[in-house]
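Next come the chains, spelled out residue by residue.
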Amino acid sequence: MKNFDTVSLSFCGGSHDHGRCVKTALSAAEELCRSKSVRLTDARKRILELVWDSHHPVGAYDILSKLSLESGKTAPPTVYRALDFLLEQGLIHRIESLNAYVGCAHPTEEHAGLFLICNSCGCAAEVHDQTIDQTILAKASNLGFAPEQRTLEVRGICPDCQST
Ligand SMILES: [Zn+2]
Ligand SMILES: [Zn+2]
Ligand SMILES: [Zn+2]
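Calculation notes
Residue positions are counted from 1 within each chain, in the order its sequence is given. For naming, the first written chain is A and the first written ligand is 1, with later ones following in the order written. Restriction of local features to residues with pLDDT of at least 70 applies here, the model being predicted, together with a cutoff of 80 or more for giving and counting side-chain atom pairs; totals for whole chains, interfaces and linings are based on all residues. As a rule here, side-chain values come from all non-hydrogen atoms in the structure, and water together with hydrogens is ignored. UniProt positions are given in the numbering used here, feature names are shortened, and annotations may be inferred rather than shown by experiment. A pair is scored as a salt bridge if a Lys or Arg side-chain nitrogen falls within 4 Å of a carboxyl oxygen belonging to Asp or Glu. The way it works is that DSSP assigns letters per residue, a run of H or I at least four long becomes a helix, a run of E at least two long becomes a strand, and they are numbered from the N terminus. To sort residues, take the accessible area from a 1.4 Å probe on protein chains only and compare it with the maximum for the residue type: under 20% means buried, over 50% means exposed, and anything in between is partly exposed. Strands were regarded as paired on the criterion that DSSP finds at least two bridges between them. Buried Ala, Val, Leu, Ile, Met, Phe, Trp, Tyr and Cys residues that are joined via side-chain atoms within 4.5 Å together make up what is termed a nonpolar core. The criterion used for residue contact is that any of the two residues' heavy atoms lie within 4.5 Å.

The name given to the protein chain in an unreviewed UniProt entry is Ferric uptake regulation protein, with Kiloniella antarctica as the source organism. Taken from UniProt, the Subunit (unreviewed entry) comment for the protein chain reads in full: "Homodimer." Under the Subcellular location (unreviewed entry) heading, UniProt states for the protein chain: "Cytoplasm".

Q: It is not clear to me how the pattern of salt bridges should be interpreted in this structure. Could you clarify?
A: Opposite charge on two side chains allows them to pair when their charged atoms are near. Summed over all chains, the structure comprises 7 salt bridges. Of the charged contacts, one joins Arg46 and Glu49 as a salt bridge, the two residues approaching to 3.2 Å between their closest N and O atoms. A residue pair is termed a helical-turn pair when its members lie 3 or 4 positions apart in one helix, as Arg46 and Glu49 do in helix H3 (residues 42-51) at 3 residues. Overall, Glu49 belongs to the partly exposed group, its relative accessible area being 28%. With a closest N to O distance of 3.5 Å, Glu110 and Arg150 form a salt bridge.

Q: Mind showing me how you'd approach unusual backbone geometry here?
A: One can expect most non-glycine residues to show negative phi and most peptide bonds to be in trans. Although it is not a glycine, Ser37 adopts a positive phi angle of roughly 55 degrees. Here Ser37 is to be found in the loop between helix H2 (18-36) and H3. Classification of Ser37 as exposed rests on a relative accessible area of 68%. Of note, the phi angle at Asn99 is positive, near 50 degrees, even though the residue is not glycine. For Asn99, the position within the fold is in the loop between strand E1 (92-95) and strand E2 (100-103). The exposure class of Asn99 is partly exposed, given its relative accessible area of 48%.

Q: Sorry if this is basic, but what is going on with the pairing of strand E3 (residues 113-118) here?
A: Sheet faces and side chains relate simply in a regular strand, where the side chains alternate between the two faces. Within E3, 5 of the 6 residues are buried, leaving the element largely enclosed by the surrounding structure. Relative to strand E5 (residues 151-156), E3 runs parallel, the two sharing 6 bridges. Bridge pairing in E5 links Leu116 to Val154. Bridge count between E3 and strand E4 (residues 124-127): 4 bridges; the pairing is antiparallel.

Q: Hey, could you run me through the nonpolar core in this one?
A: Ranked by size, the top nonpolar core spans 27 residues in total, and within it Ile47, Leu48, Ile63, Val79, Leu83 and Leu86 carry the most contacts. For this core, the secondary-structure elements that each account for two or more residues are H2, H3, helix H4 (60-71) and helix H5 (76-88). Looking at this core element by element, the count peaks at 7 residues for H2. If near-sequence neighbours (up to four positions away) are discounted, Leu48 is found in contact with Leu26, Ala29, Leu86, Leu91 and Ile92.

What follows is the structure in structure tokens.
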């Protein structure tokens, strides 16, 4: 088992070292882009970092306003293009129900995003389970269905919110 598992199973509570999540994610991104010969430009990297700011899925407009604060007025297409790039490379997932993005802790493995999303604080934890993935692909292929994107969202209450 890779050390990513501890990362992907963490909820956003203060009990984990999030700096480590960010560092792991950024170096995995650099490695992945190098191996695919695609360019992780400074802007793309900074946007990935902003998505990884926490385990709360973040909307494109939040990213845009943070970037604008940092480096002056930023055009929305810059952010959308970077997000598309990051999605394409599997570095982030899109949470449809929240219209928001969250970083992926294991971008090198082809997989469906399975997310546990807290109804109370909005944090999202990704569950990495290849058996679920294989089941979905097998069922789809039995029906002659070609899945293009697969993100599963399970709603509930995270451990932190249960204890307050
Ligand atoms: Zn973290
Ligand atoms: Zn993922
Ligand atoms: Zn919560």
